[in-house]
Amino acid sequence: MSQPTKLLEPYKLGALTLPNRVAMAPLTRNRAVPPGMVPSPLAVDYYGQRASAGLLITEASQVSQQGQGYQDTPGIYSKEQVEAWRKVTDRVHERGGHIFIQLWHVGRISHTSLQPNGGAPVAPSAIRAKTKTFVNGTFADVSEPRALELSEIPGIIEDFKRGTANALAAGFDGVEIHGANGYLLDQFARDSSNRRTDAYGGGIENRAQLMLEVSKAVAKEAGADRTGIRISPVTPANDVSDSNPQPLFDYIVDQLNALQLTYIHVIEGATGGPRDVAPFDYASLRKRFKQTYVANNGYDFALAEKVLEAGAADMIAFGKPFISNPDLVERLKAGAPLNEWDKATFYGGGAKGYTDYPTLKATEAAE
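Predicted model, so just to flag it, every value in this text is computed and none were measured.

**Observations regarding the confidence of the model for the protein chain**
Scored by pLDDT, the protein chain has a mean of 96; 99% of the residues are at 70 or more. Highest mean pLDDT in the protein chain belongs to strand S5 (residues 99-104) (99); lowest belongs to helix H11 (residues 360-366) (82).

**A short note on the UniProt feature "domain: NADH:flavin oxidoreductase/NADH oxidase N-terminal" (unreviewed entry) in the protein chain**
Following the UniProt record, one finds the feature "domain: NADH:flavin oxidoreductase/NADH oxidase N-terminal" (unreviewed entry) at residues 6-339. Counting secondary structure, residues 6-339 comes out at 33% helix and 18% strand; the distance between its end C-alpha atoms is 23 Å.

**Some thoughts on the pattern of salt bridges**
Within the structure shown, the criterion is met by 17 salt bridges. Glu83 is the partner of Lys79 in a salt bridge, and the nearest nitrogen-oxygen pair spans 3.1 Å. Of this pair, Lys79 and Glu83 both sit in helix H2 (residues 79-94), four residues apart, roughly one helical turn. Owing to a relative accessible area of 59%, Lys79 belongs among the exposed residues under this scheme. With a closest N to O distance of 2.9 Å, Arg331 and Asp327 form a salt bridge. Relative accessible area serves as the criterion here: at 7%, Asp327 is assigned to the buried category. Residues joined by salt bridges that share partners form a network here, namely Lys6, Glu9 and Arg21.

**Remarks on the packing of helix H1 (residues 41-49) against H2**
H2 packs onto H1 with a crossing angle of 30 degrees between their chain directions and a minimal axis gap of 8 Å. Between H1 and H2, the angle is such that the two are roughly parallel. Between H1 and H2 the crossing geometry is right-handed. Note on element contacts: H2 touches H1 through Trp85, Lys87, Val88, Arg91 and Val92, opposite Ala43, Val44, Asp45, Tyr47 and Gly48.

**Remarks on the sheet that holds strand S11 (residues 227-231)**
Spatially, the eight strands close up into a barrel ordered S3-S4-S5-S10-S11-S12-S13-S14, and their pairing is parallel. When the angles between neighbouring strand axes are averaged without regard to direction, this sheet yields 25 degrees. Strand direction decides the pairing type here: S5 and strand S10 (residues 174-178), joined by four bridges, are parallel. If you follow Gln102 over to S10, its bridge partner there is Glu176. Set on the sheet, helix H3 (residues 153-169) makes contact with S5 and S10; between it and S5 the angle comes to about 160 degrees. Sitting on the sheet, helix H5 (residues 204-222) is in contact with S5, S10 and S11, with an inclination near 155 degrees to S11.

**Describing H2**
The end-to-end C-alpha distance of H2 is 23 Å, a good match for the 22 Å that 16 residues give at a rise of 1.5 Å each. Along H2, the residues classified as buried are Gln81, Val82, Ala84, Trp85, Val88, Thr89 and Val92. Along the axis of H2, the buried positions cluster into a sector of 165 degrees, meaning they face one direction only. Away from its buried face, by an angle of more than 90 degrees, H2 presents the exposed residues Lys79, Lys87 and Glu94. On its buried face, H2 is in contact with H1, strand S4 (55-62), S5 and H3. Remark: Gly96 follows H2 within two positions and exhibits a positive phi of approximately 80 degrees.

**Looking at the environment of Glu144**
With respect to the secondary-structure elements, Glu144 resides in the loop between strand S8 (138-141) and strand S9 (146-147). It is 9.4 Å that separates the C-alpha atoms of Glu144 and Ile109, two residues lying 35 residues apart in sequence.

**Comments concerning the nonpolar core**
Leu7, Tyr47, Phe160, Leu210, Ile252, Ile316 and Phe318 are the most contacted members of the largest nonpolar core, which has 78 residues in total. A per-element tally of this core places H5 first, with eight residues. When near neighbours in sequence (up to four residues on either side) are disregarded, Ile316 contacts Leu7, Arg21, Val22, Ala23, Val294, Ala295, Tyr299, Ala304, Val307 and Leu308. Ranked by size, the runner-up nonpolar core spans 13 residues in total, among them Leu13, Leu16, Ala25 and Ala317.

Reading the values: rules and limits
Residues numbered from 1 in each chain as written. Predicted model: local features only at pLDDT ≥ 70, side-chain atom pairs only at ≥ 80, totals over all residues. Heavy atoms only, no water. pLDDT = per-residue confidence, 0-100. Helix = DSSP H or I, 4+ residues; strand = E, 2+ residues; numbered from the N terminus. UniProt positions renumbered as here; feature names shortened; annotations may be inferred. Salt bridge = Lys/Arg side-chain N within 4 Å of Asp/Glu carboxyl O. Buried < 20%, exposed > 50% of the residue type's maximum accessible area, 1.4 Å probe, protein only. Axes fitted to C-alpha atoms, helices over the stretch in contact; angles between N-to-C directions. Parallel < 35°, antiparallel > 145°, perpendicular 65-115°, else oblique. Left-handed = near helix turned anticlockwise from the far one by under 90°. Contact = heavy atoms within 4.5 Å. Pairing = 2+ DSSP bridges. Expected span 1.5 Å × (residues − 1). Arc of directions from axis to C-beta. Core = buried A, V, L, I, M, F, W, Y, C linked by side-chain atoms within 4.5 Å.

In structure tokens, the structure reads:
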């Protein structure tokens, strides 16, 4: 492995000076403790081990019980959750790291067993996604959703705002809004999942409105320089699509730029899949957004260096390599080989496949 250079340069992100341009992407690990969906003590070790990343972005964390879509995912809406997350941020900061939390509402990608009083999940329109979720230890079809009433939408925005205030109280350096992967904000934006005829449906401006209103509310609470957002213009994840994604996301990014958010985190291609799943001009987004562009999806270190050198991105987010390499940055610096990840332990469980991957130092000491 050749040693990356641009990737390891310090980088200024809003008010923060990061030691490198490496971000740890949000990674759902399903290890929160029910019934309160509180991050487990193991999460303190897990994030602390990875604190040498320029920026850690936590696993997606629901802003309300209604926002939960999978078993054992953490929240950021209760006092107990805030207290548990505080232990995580303290550990990361003790080790010189920086950490944002990803704020999440899954919308229709949920199951009645997770919803308050066993109710239907909410969505822009009552269209069931052709996908599964993970509940009660198994994969199950998502439940039939109901369309949100117009009167309920301010409550969704308020949930994101409260999640932001809780994140700051928990010591996070900032927040990332989850606007990607076919979850609620993305469902509103796409014409395959949004058939509304009110102010939140129809043309591009109306469909983008909820994502932008949430962004504005979160930025007002946290400060724009501590607010990022994740988008995925052409991913088919969770059964979403749009008939014309380029003008939709060009418009969204223009508006995000006007809000002066600190970064956009762009999944290029299909989430966790091919980068060339559909034609899309990411350079158009890069040109429109004047702050930080974080590129994500299928990056190896050679591609990361190439893209950074070309000025096509400012930071690169890595996912799976961070699962199995807590010291990913140190391995990059040393040009050292990487540990292989174990897919069987990605979701749920305990320390195995979570906090027990060896560092380079530990491996060398054992030899």
